[in-house]
Amino acid sequence: MSEFRIHHDVNELLSLLQVRGGDGAEGYIDLLQKHRTPYVTTTVSAHSAKVKLAEFSKTPEDFLRKYDELKSKNVRNLDPLVYLLSKLCEDKETLQFLQQNAKERSESSANANSSTTTSYSVPQSSTKMSMQELDELRKKLGNVTASSNAPLPAEVTRKMLRDKHNKKNSTQPNPVFPNWVYDRPALIGDFMTSPAPAAEPAVAIGTLPLSAQEQFVVEDLLFVLIGVDGRDITAQPVLGRQNRSFIVETTLDVSVKELVNRILPVASYYSTITRFIEEKSSFEYGQVNHALTAAMRTLMKEYLILVTQLEHLQRQGLLSLQKLWFYIQPTMRTMEILASIASSLDKGDCMGGSTLSLLHDRTFNYTGDSQAQELCLYLTKAASVPYFEILEKWIYRGIIKDPYSEFMVEEHELQKEKIQEDYNDKYWDQRYTIVQHRIPSFLQKMADKILSTGKYLNVVRECGRDVTCPDAKEVLYTLKERAYVEQIEKAYNYASKVLLDFLMEEKELVSRLRSIKHYFLMDKGDFFVHFMDLTEEELKKPVDDIVPPRLEALLELALRMSTANTDPFKDDLKIDLMPHDVITQLLRVLAIETKQEKAIINAEPTDVALSGLEAFSFDYIVKWPLSLIINRKALTRYQMLFRHMFYCKHVERLLCNVWISNKDSRQYSLHSAKWFAAAFALRQRMLNFVQNIQYYMMFEVMEPTWHVMENNLKTASNIDDVLCHHTSFLDNCLKDCMLTNPELLRIFSKLMSVCVMFTNCMQRFTQSLRLERLSQEQEMMEAPPAQSEPEKKKTTTKFLAAHADGPQSDAGFEATISKFDSNFSLLLLDLLDKLSVYSTNDCEHSMISIIYRLDFNGFYTERLERMAVERNQKAAA
């Protein structure tokens, strides 16, 4: 069971039981994950659990009858379910809670459906029901249940199956028997039920002598044993899946009737087997059932030969009732087993793998009975031949030819081209899937390997290469599972190696991933310097004003001017302008399947136009079959990492530009420059923060995680391992870069916004100073030329200093810088505090290195400790 399935099931269970508070779903999921194992470590004892539940039940007979019915249908996981229910019965507290929950749910359901009416009149709850009313109500409910569970007519079932198969294979409809096969009852070997009552015999058989009675009864029995009514023994009509019963003349001698009743079950078995063969041999019920009925026909021929020989003895007057009983006994056990198998398969509507599961289980159940086991083994071998033919084509060539939907692997019509376009496209997971009820029980352990083997070969086939396993051998059913397990293992190892070598060597998967790393993880520093210098002015524009071909041309120029020119896959890099900024994109992804999802998706767009820089991202062209690994979901994760780091790099450049423009302040006097000290210190703190965050992401998260993935890819044995390692790499990068935690992401976004607003403020202020200085210089140039050069210089300096101090002395600038400083410090402390909490509580130890980097001299330590104490006091309160 996958982690996502566990998560879904736990949430569903909590919702059904209306559990609130506690550790929530995560606590239970962690507990289950810790105690789960990939193997079945315990064998469930169903017998004691069944007895315990029967004792606990108010209607034990109904419970045992239902259990036997489900068992006869070969329902999967029945015994583990019964064992779980028996354990729940032992836990009084849980049982009480479940009863209370059931009561509340029934009451709420009754209130919700109070407006609906029913066709049955139920007495008021205030009055007691009489036993007669109770029996009448039970009978009505039983009739409703029986009518709802009644099997569909055979012709309706065949039509439904035929339509289902033809819908799946519309180009090649399956063959069908002509209608006259079903319309002529005389062609069927079973009893013909005539609506007209049988004629009364001229003389009652009970009035005849005992020898005459025996002679007539033997003749009747020989007819009944081959599905023809006798004179004194007649078959009753069969309703649904009932067993055939017979009416014996009541005047028959008691001793003769006793022997007749011993022999009649064989006729009932014959009727059950014949009906099963006639129905399930139709094409609509699949190749496995067809092969099984063919094997049963062979056994029935031997039975009919025996009856023919008995008829020959009877004509010669050598067959008495005792001899008939003696000759029929060896066949009785065989007919009983065949009828039991036919009845179970019919009740369970078994086809394909479920038929083989039932036959395999019966074969093992008859371990102590060699004759019965040999019979079941013969049937299972015969029925498994068409199934194993489909299996051989799948594991040896990667082809599915399953016209009747019997095989455990089901093919879905999906286009591999969409894997590069659709984020939610799950081609690899959904093109071929396992259908649980079609898996034969003897192949259950190998089901995943069978699925993977065919998938691997199918990928190579779709690339135009014909592959056939060199170790291909015919797969035959045997009680020694190791025989076909070894063949499946060999096919799996070959398929894994073929696809892995194809992707790694011929398609150069690792080189492709390195190429993506160069651009999306900003591996090529000189390329990004060139690119950001070239596109700086273009990316400042609103996204609607940007011309994509111009950006593509600038990208091409940057690639050619940098070391990225040596990358053979550089032409696959493209420009993509996204509809949202990176923070909005990340929050929308993180809100999936949460309470905030609808609010975020339906939120009205802001009036602020998106700049080119906020919308900018790279895209990458990946072709089949590499798109299995580098699909749209993986590329989206790469894009989110890239946009995050690209924006950080942009903020760093803005802060560096402020540092350059602030050099103008050096020409002012010391008295003027000290007003800038607070702004310079804040700028340096911001720059230190941004640079350390970038260093952490690139050299403490991405680079080590990349090397781990690269080493894992060298030891990968199949493509599923490659997918797992690649997905794990991206998930770890996103998590350690704080992109999967909405709380950290919002704080980080605010910090970046404060930095950007600060740089804009400083640039405007520096620009105003520069303009004022130019205007003052122009005024000085227009001054009278009578002054000498030293005096002129002294006057100019004094004038500039006086006017430069003007805007600085204004308390507005100082208050603005102080507010920026306060906001930045509060947000940074909040971030460090949250990182400290997550690194401690959630064991995210990699994040603690950010704290050590930003708080390298203990500047924030005291305040962080104070915040931790306050948090603990609040928690205690």
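Residues numbered from 1 in each chain as written. Predicted model: local features only at pLDDT ≥ 70, side-chain atom pairs only at ≥ 80, totals over all residues. Heavy atoms only, no water.

Focus on the overall build of the protein
Turning to step 1, where the next piece is worked out: A count of helical and extended segments in the protein gives 33 helices and six strands.
Turning to step 2, where the next piece is worked out: Looking at the protein as a whole, 40% of its 877 residues are labelled buried.
Turning to step 3, where the next piece is worked out: Within the protein, contacts between residues separated by at least 24 positions form 75% of all contacts whose residues are at least 6 apart in sequence.
Turning to step 4, where the next piece is worked out: Carbon and sulfur atoms make up 54% of the accessible area of the protein, which totals about 49,300 Å². (Helix = DSSP H or I, 4+ residues; strand = E, 2+ residues; numbered from the N terminus. Buried < 20%, exposed > 50% of the residue type's maximum accessible area, 1.4 Å probe, protein only. Contact = heavy atoms within 4.5 Å. Areas by Shrake-Rupley, 256 points an atom, 1.4 Å probe, with all protein chains shown as cover.)

Structural notes on the packing of aromatic side chains
Turning to step 1, where the next piece is worked out: For the coordinates displayed, the defined rule picks out 29 aromatic pairs.
Turning to step 2, where the next piece is worked out: Measuring from centroid to centroid gives 5.4 Å for Phe-531 and Phe-616, while their planes differ by 35°, and the two rings are tilted. With Phe-531 in helix H20 (residues 525–539) and Phe-616 in strand S6 (residues 616–620), this residue pair connects regions lying 85 residues apart in the sequence. Neither Phe-531 nor Phe-616 differs from the other in exposure class; each is buried.
Turning to step 3, where the next piece is worked out: Ring geometry for Phe-531 and Phe-618: centres 5.7 Å apart, planes at 50°, overall tilted. Of this pair, Phe-531 sits in helix H20 while Phe-618 sits in strand S6, and the two are 87 residues apart along the sequence.
Turning to step 4, where the next piece is worked out: Given a relative accessible area of 0%, Phe-531 falls into the buried group.
Turning to step 5, where the next piece is worked out: An aromatic cluster is defined as three or more aromatic residues linked by ring pairs; in this entry it consists of Tyr-519, Phe-520, Phe-527, Phe-528, Phe-531, Phe-616, Phe-618, Tyr-620, Tyr-638, Phe-642 and Phe-646. (Phe/Tyr/Trp six-rings, centres within 6.5 Å; stacked < 30°, edge-to-face > 60°.)

Remarks on the environment of Tyr-620
Turning to step 1, where the next piece is worked out: Within the fold, Tyr-620 resides in strand S6.
Turning to step 2, where the next piece is worked out: Separated by 101 residues in sequence, Tyr-620 and Tyr-519 place their C-alpha atoms 9.7 Å apart.
Turning to step 3, where the next piece is worked out: Within polar-contact distance, the side chain of Tyr-620 engages the side chain of Ser-515 at 2.9 Å. (Polar contact = N/O pair within 3.5 Å; in protein donor to acceptor, adjacent residues only side chain to side chain.)

Side note on helix H18 (residues 482–506)
Residues lying three or four places apart along an α-helix face the same way, a consequence of the helix completing one turn every 3.6 residues.
Turning to step 1, where the next piece is worked out: Look at H18: 35 Å from first C-alpha to last across 25 residues, which is about the 36 Å you get at 1.5 Å a residue.
Turning to step 2, where the next piece is worked out: Once H18 finishes, Glu-508 follows within two positions and takes phi at roughly 50°, a positive value. (Expected span 1.5 Å × (residues − 1).)

A look at the side chain of Thr-705
Turning to step 1, where the next piece is worked out: Positionally, Thr-705 belongs in helix H27 (residues 677–715).
Turning to step 2, where the next piece is worked out: Overall, Thr-705 belongs to the buried group, its relative accessible area being 15%.
Turning to step 3, where the next piece is worked out: At 2.4 Å, the side chain of Thr-705 and the backbone oxygen of Val-701 are in polar contact.
Turning to step 4, where the next piece is worked out: When residues no more than four places from it in sequence are discounted, the contact partners of Thr-705 are Phe-729, Asn-732 and Cys-733.

A short note on the pairing of S6
Each regular strand displays side chains that alternate between the two surfaces of the sheet.
Turning to step 1, where the next piece is worked out: Burial analysis of S6 places five of its five residues in the buried class, which makes it a mostly covered element.
Turning to step 2, where the next piece is worked out: With burial as the criterion, each face of S6 is covered, one bearing Phe-616, Phe-618 and Tyr-620 and the other bearing Ser-617 and Asp-619.
Turning to step 3, where the next piece is worked out: Bridge analysis of strand S5 (residues 573–577) against S6 gives five bridges, and the strand direction is antiparallel. Its bridge partner lying in S6, Leu-573 is registered against Tyr-620. (Pairing = 2+ DSSP bridges.)

Comments concerning the side chain of Asp-402
Turning to step 1, where the next piece is worked out: Checked against the element boundaries, Asp-402 lands in the loop between helix H15 (370–397) and strand S3 (409–411).
Turning to step 2, where the next piece is worked out: One buried charge, Asp-402, has no salt-bridge partner; the nearest side chain with opposite charge is Arg-438, at 4.2 Å.
Turning to step 3, where the next piece is worked out: A polar contact of 3.0 Å, which involves the side chain of Asp-402, links it to the backbone nitrogen of Glu-406.
Turning to step 4, where the next piece is worked out: At 3.0 Å, the side chain of Asp-402 forms a polar contact with the backbone nitrogen of Phe-407. (Lys, Arg positive; Asp, Glu negative; His and termini not counted. Salt bridge = Lys/Arg side-chain N within 4 Å of Asp/Glu carboxyl O.)

A short note on the packing of helix H10 (residues 210–224) against helix H12 (residues 286–315)
Turning to step 1, where the next piece is worked out: Running from N to C, H10 and H12 point in directions that differ by 160°, and their axes come no closer than 10 Å. As judged from the angle between their axes, H10 and H12 are roughly antiparallel. Handedness of the crossing formed by H10 with H12: left-handed. Residues Val-218, Glu-219 and Leu-222 of H10 form the contact with H12, whose participating residues are Val-307, Leu-310, Glu-311 and Gln-314. (Axes fitted to C-alpha atoms, helices over the stretch in contact; angles between N-to-C directions. Parallel < 35°, antiparallel > 145°, perpendicular 65-115°, else oblique. Left-handed = near helix turned anticlockwise from the far one by under 90°.)

Some points on H10
Turning to step 1, where the next piece is worked out: An ideal rise of 1.5 Å per residue puts 21 Å on 15 residues; H10 measures up with 21 Å between its terminal C-alpha atoms.
Turning to step 2, where the next piece is worked out: Buried within H10 are the following residues: Ala-212, Gln-213, Val-217, Val-218, Asp-220, Leu-221, Leu-222 and Val-224.

Some points on a nonpolar patch on the surface
Turning to step 1, where the next piece is worked out: On the surface, a nonpolar cluster with roughly 260 Å² of combined accessible area is contributed by Leu-81, Leu-84 and Leu-85.
Turning to step 2, where the next piece is worked out: Here Leu-81 shows up in helix H5 (residues 78–90). (Patch = residues over 30% accessible without salt bridge, like charges linked within 9 Å, V, L, I, M, F, W, Y side chains within 5 Å.)

A look at the pattern of salt bridges
Turning to step 1, where the next piece is worked out: Counted by the stated rule, this structure contains 29 salt bridges.
Turning to step 2, where the next piece is worked out: Notably, a salt bridge pairs Glu-538 with Lys-541, separated by 3.2 Å at the nearest N-O pair.
Turning to step 3, where the next piece is worked out: We classify Glu-538 as buried; its relative accessible area is 4%.
Turning to step 4, where the next piece is worked out: Between Arg-560 and Glu-556 there is a salt bridge, with its nearest N and O atoms 2.4 Å apart. In this pair, Arg-560 and Glu-556 both sit in helix H21 (residues 548–561), four residues apart, roughly one turn of the helix.
Turning to step 5, where the next piece is worked out: Note on Glu-556: relative accessible area 34%, which makes it partly exposed.
Turning to step 6, where the next piece is worked out: Here the salt bridges do not stand alone but share partners, grouping Arg-333, Glu-336 and Asp-369 into one network.

Regarding the nonpolar core
Across soluble globular proteins, nonpolar side chains show a tendency to be buried alongside one another.
Turning to step 1, where the next piece is worked out: Counting 119 residues, the largest nonpolar core has Phe-527, Phe-618 and Phe-689 as its most contacted members.
Turning to step 2, where the next piece is worked out: The greatest single-element share of this core, amounting to 15 residues, is contributed by H27.
Turning to step 3, where the next piece is worked out: Among all residues touching Phe-618, those that are not within four sequence positions of it are Tyr-519, Phe-520, Phe-527, Phe-528, Phe-531, Leu-555, Leu-573, Lys-574, Ile-575, Asp-576, Gln-639 and Phe-642.
Turning to step 4, where the next piece is worked out: If you look at the next biggest cluster of nonpolar residues, it comprises 84 residues, including Leu-252, Leu-306, Ala-372 and Ile-439. (Core = buried A, V, L, I, M, F, W, Y, C linked by side-chain atoms within 4.5 Å.)

Concerning unusual backbone geometry
Turning to step 1, where the next piece is worked out: Cis geometry marks the peptide bond from Trp-624 to Pro-625; its omega dihedral reads 5°.
Turning to step 2, where the next piece is worked out: Note on placement: Pro-625 falls in the loop between S6 and helix H25 (632–661).
Turning to step 3, where the next piece is worked out: Even without glycine at this site, Glu-508 takes up a positive phi of about 50°.
Turning to step 4, where the next piece is worked out: One can find Glu-508 in the loop between H18 and helix H19 (509–520).
Turning to step 5, where the next piece is worked out: Look at Glu-508 and you get partly exposed, because its relative accessible area is 38%.
Turning to step 6, where the next piece is worked out: Phi angles above zero are rare outside glycine, and Met-522 is one such case at about 55°.

Here we look at the packing of helix H13 (residues 321–347) against helix H14 (residues 353–365)
Turning to step 1, where the next piece is worked out: Their axes nearest at 10 Å, the elements H13 and H14 cross at an angle of 145°. Crossing of H13 against H14: the hand is right-handed. Residue-level contacts link Ser-340, Ile-341, Ser-344 and Leu-345 of H13 to Thr-355, Leu-358, Leu-359 and Arg-362 of H14.
Turning to step 2, where the next piece is worked out: Its residues placed into classes, the contact of H13 with H14 shows four nonpolar, three polar and one charged. (Nonpolar A, V, L, I, M, F, W, Y, C, P; charged D, E, K, R; others polar.)

With respect to the confidence of the model for the protein
Turning to step 1, where the next piece is worked out: When pLDDT is averaged across the protein, the result is 77; 73% of the residues are at 70 or more.
Turning to step 2, where the next piece is worked out: Contacts for the low-pLDDT stretch residues 39–43, under 50 throughout, to residues beyond four places or in other chains number zero contacts.
Turning to step 3, where the next piece is worked out: Taken as a whole, residues 115–126 scores under 50 in pLDDT and shows four contacts with residues more than four places along the chain or in a different chain. (pLDDT = per-residue confidence, 0-100.)

Looking at the environment of Phe-63
Turning to step 1, where the next piece is worked out: Looking at the element boundaries, Phe-63 is found in helix H4 (residues 60–72).
Turning to step 2, where the next piece is worked out: On a C-alpha basis, the gap between Phe-63 and Lys-50 in space is 9.0 Å, while along the polypeptide they are 13 residues apart.
Turning to step 3, where the next piece is worked out: If sequence neighbours within four positions are ignored, Phe-63 has contacts with Lys-50, Leu-53, Ala-54 and Ser-57.

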